[in-house]
Amino acid sequence: GSNMGVRNYLIEGVSASGKTTVADELQRRGYHVIHADRTLAILGDPETGEPLACPADESLEDRANWLHRHWIWPVDAVRSIITNRSHPITFFCGGSRNLPKFLHLFDEVFVLEVDADTLSRRLAGRPEDEFGGRAVERALVARLHASKEDVPKDAIPVDAAAPIDTVVGTILSKCGLPA
C-alpha cells in the first residue's frame, strides 16, 4: 500500500541476477540503498551469527560451497538499519544464508529472476576475482538457480532479464511508488 511510514524492502536473487545493477539504478533515482553484499555481509555461522574463517585446506569447489553457506548478514546490523527512521524507504540488495533470522522485518521481499541462458551469459562476463567468475562458482550458481533453494517462500518474483528501467519500475510500482 502507499501508507507513508518507514518501509524496508529486500531485493534478492542468485549471483548475476542483477542485484547490484538494480541497487545502482535505485540509488541513481534518489532512493536509500544498502549494498548489503559489500557493506554488511560477513562469513559466519548462519544459526549463531558467530564469525568464521574459511578452512584453508578446502578444494576450490568445497571453498565455493563453504563461502556460499556461510555468507550472512549480522542480524543486529540489519535491525539497526531497519529501525533507523531517517530514510522513508530503504532497499537492501543482496543475499544471505541467515535470511530467516530477519525476513519478518521487511515489508516486502523481491527476487530477481532470469532464465538460465541470461544467467550464464552474465556470469561468463565476470572477472575471476568476482564471485561467479570461476567455473566452480558458476556451477554452484547454476545449481542454486535451478533449485531455488535460497529463495524465500513469499518473495515477489521480478523478471530481471528485462531492461533495467523496466525492472526497477516494476519493483517501485509493487511498492506503491511512482515508477
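In what follows, the structure referred to is the one given above.
About the thresholds
- Residues numbered from 1 in each chain as written.
- Predicted model: local features only at pLDDT ≥ 70, side-chain atom pairs only at ≥ 80, totals over all residues.
- Heavy atoms only, no water.
- Helix = DSSP H or I, 4+ residues; strand = E, 2+ residues; numbered from the N terminus.
- Rg over C-alpha atoms; globule rule 2.2 N^0.38 Å.
- Buried < 20%, exposed > 50% of the residue type's maximum accessible area, 1.4 Å probe, protein only.
- Contact = heavy atoms within 4.5 Å.
- Salt bridge = Lys/Arg side-chain N within 4 Å of Asp/Glu carboxyl O.
- Axes fitted to C-alpha atoms, helices over the stretch in contact; angles between N-to-C directions.
- Parallel < 35°, antiparallel > 145°, perpendicular 65-115°, else oblique.
- Left-handed = near helix turned anticlockwise from the far one by under 90°.
- Nonpolar A, V, L, I, M, F, W, Y, C, P; charged D, E, K, R; others polar.
- Core = buried A, V, L, I, M, F, W, Y, C linked by side-chain atoms within 4.5 Å.
- Phe/Tyr/Trp six-rings, centres within 6.5 Å; stacked < 30°, edge-to-face > 60°.

**Let's talk about the overall build of the chain**
In step 1: When you go through the chain residue by residue, the secondary structure sums to seven helices and seven strands.
In step 2: Mapped in sequence order, the helices and strands of the chain form the string β-α-β-α-β-α-β-α-β-β-α-α-β-α.
In step 3: What you see for the chain is a C-alpha radius of gyration of 16 Å, in line with the 16 Å of a compact globule of 179 residues.
In step 4: Judged by the C-alpha coordinates and their principal axes, the chain covers about 50 × 35 × 25 Å.
In step 5: A total of 179 residues make up the chain; the buried ones form 43% of that total.
In step 6: Sequence-distant contacts in the chain: of pairs separated by 6 or more residues, those separated by 24 or more amount to 74%.

**Quick look at the pattern of salt bridges**
In step 1: Taken as a whole and judged by the stated rule, the model has seven salt bridges.
In step 2: Between E130 and R126 there is a salt bridge whose closest N-O contact spans 3.2 Å.
In step 3: Here the salt bridges do not stand alone but share partners, grouping E25, R28, R29 and D165 into one network.

**Quick word on the packing of helix 3 (residues 60–69) against helix 6 (residues 135–147)**
In step 1: The contact between helix 3 and helix 6 brings their axes to 9 Å, and the two run at 50 degrees. Here helix 3 is positioned oblique relative to helix 6, judged by the angle of their axes. Of the two elements, helix 3 crosses helix 6, and the hand of that crossing is right-handed. Contacts between helix 3 and helix 6 involve L60, E61, A64, N65 and H68 on the former and, on the latter, V136, E137, L140, R143 and L144.
In step 2: Residue composition of the contact of helix 3 with helix 6, by class: five nonpolar, two polar and three charged.

**Describing the nonpolar core**
In step 1: Ranked by internal contacts, the top residues of the largest apolar core, which has 30 residues, are I11, L26, F91 and I171.
In step 2: Within the residue set of this core, elements represented by two or more residues are strand 1 (7–12), helix 1 (19–28), strand 5 (89–93), strand 6 (108–113), helix 5 (116–124), helix 6, strand 7 (156–159) and helix 7 (164–174).
In step 3: Here the element with the most residues in this core is helix 7; it accounts for four residues.
In step 4: Apart from the residues lying within four places of it in its own chain, the contact partners of F91 are Y9, I11, L26, Y31, H32, V33, I34, I171, L172, C175 and L177.

**Here's the deal with helix 3**
In step 1: Three or more residues of helix 3 are buried, namely A64, N65, W66, L67 and H68.
In step 2: Those residues of helix 3 that are buried lie in contact with strand 3 (42–43), strand 4 (71–72) and helix 6.

**Overview of the packing of aromatic side chains**
The geometry of two aromatic rings is summed up by the distance between their centres and the angle between their planes.
In step 1: Inspection of the entire model under this criterion finds seven aromatic pairs.
In step 2: On the numbers, 6.2 Å between centres and 45 degrees between planes, the contact of Y9 with F110 is tilted. Taken together, the residues span a long stretch of sequence, with Y9 in strand 1 and F110 in strand 6 at a distance of 101 residues. Across the pair, F110 and Y9 agree in class, each one buried.
In step 3: Chaining the aromatic ring pairs together yields one cluster made of Y9, Y31, F91 and F110.

**Things to note about the packing of helix 1 against helix 7**
In step 1: With their axes 10 Å apart at the nearest point, helix 1 and helix 7 run at an angle of 75 degrees to one another. Classified by the interaxial angle, the pair formed by helix 1 and helix 7 is roughly perpendicular. From helix 1, T21, V22, E25 and L26 reach across to helix 7, where they touch I164, D165, V167, V168, I171 and L172.
In step 2: Counted by class, the contact of helix 1 with helix 7 contains seven nonpolar, one polar and two charged residues.

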